[in-house]
Amino acid sequence: MKEINVNRIFALAGFVLSGALLFGTRQFPERAVSAARYVNFLGITMGVLSLILLLSSIRENERNSERVVWIESPLHFVETLIGIIVYFVLINWLGFFVSSLLFLIILGWFLGYRKPLKLIASSVGLLLFIYFVFVRFLTVPVPSGILGGIL
């Protein structure tokens, strides 16, 4: 499939999702007015960006459009797919943070990042950010696994 057609399909899908977001906020309860405003903002933003993508694909010349390669490296794709499945299985047993740390480090290694210190540091940094923002600040519950509630 050519890039121009992919852009048009994704632009139309963006319009559909944008409309679903805007339509869905009409059913929010009165106590969730600020949440509805945020979702409306996201829906409008997605609609505008989809319109820009559609207009740019209409202006683009069909002959200059390149063929889209969906999977550059089948091996990396399969490794990532297997990693996601293993992560999904282990998350309730090991907990969110332990399984996420293992997933990020192992997947990064499989995808070619060979500097272990940077890989570990960036994984820990991301998980610390998630911990403080989502667990501590927004009080989003995450699976605790065998560690109970230590993290």
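Residues numbered from 1 in each chain as written. Predicted model: local features only at pLDDT ≥ 70, side-chain atom pairs only at ≥ 80, totals over all residues. Heavy atoms only, no water.

Q: What should I look at first to understand the nonpolar core in this one?
A: Across soluble globular proteins, nonpolar side chains have a tendency to be buried as a group. Counting ten residues, the largest nonpolar core consists of Tyr-87, Ile-91, Phe-96, Phe-97, Phe-103, Leu-107, Leu-127, Ile-130, Tyr-131 and Val-135. If you list the elements that add at least two residues to this core, you get helix H3 (74–94), helix H4 (96–110) and helix H5 (116–137). Beyond its immediate chain neighbours, meaning those up to four positions away, Phe-96 contacts Tyr-87, Ile-91, Leu-127, Ile-130, Val-142 and Pro-143. (Core = buried A, V, L, I, M, F, W, Y, C linked by side-chain atoms within 4.5 Å. Buried < 20%, exposed > 50% of the residue type's maximum accessible area, 1.4 Å probe, protein only. Helix = DSSP H or I, 4+ residues; strand = E, 2+ residues; numbered from the N terminus. Contact = heavy atoms within 4.5 Å.)

Q: Would you mind going over the environment of Asn-7 with me for this structure?
A: Position of Asn-7 among the secondary structure elements: in helix H1 (residues 3–24). In this structure Asn-7 comes out as buried when scored by relative accessible area, which is 18%. Residues Asn-7 and Ser-65, 58 residues apart in the sequence, show an inter-C-alpha distance of 10 Å. Those residues in contact with Asn-7 that sit more than four places away from it in its chain are Leu-53, Ser-57 and Glu-60.

Q: Before we go on, may I ask you to explain the domain arrangement of the protein chain in this structure?
A: In many reports, interface size means the accessible area that the parts give up when they come together. With domains assigned, the protein chain is organised as domain 1 (3–64) and domain 2 (74–137). For domain 1 and domain 2, the distance between their C-alpha centres works out to 30 Å. (Domains from an automatic or database assignment.)

Q: Can you help me understand the packing of H3 against H4 in this one?
A: What describes two packed helices is the angle between their axes and the distance between those same axes. Here H3 crosses H4 at 165°, and the two axes come no closer than 9 Å. In this view, H3 runs roughly antiparallel relative to H4, as classed from their interaxial angle. The two elements H3 and H4 meet at a crossing, and its hand is right-handed. Along the contact surface, H3 presents His-76, Glu-79, Thr-80, Gly-83, Ile-84, Tyr-87, Leu-90, Ile-91 and Leu-94, while H4 presents Phe-96, Val-98, Ser-99, Ser-100, Leu-102, Phe-103, Leu-107 and Phe-110. (Axes fitted to C-alpha atoms, helices over the stretch in contact; angles between N-to-C directions. Parallel < 35°, antiparallel > 145°, perpendicular 65-115°, else oblique. Left-handed = near helix turned anticlockwise from the far one by under 90°.)

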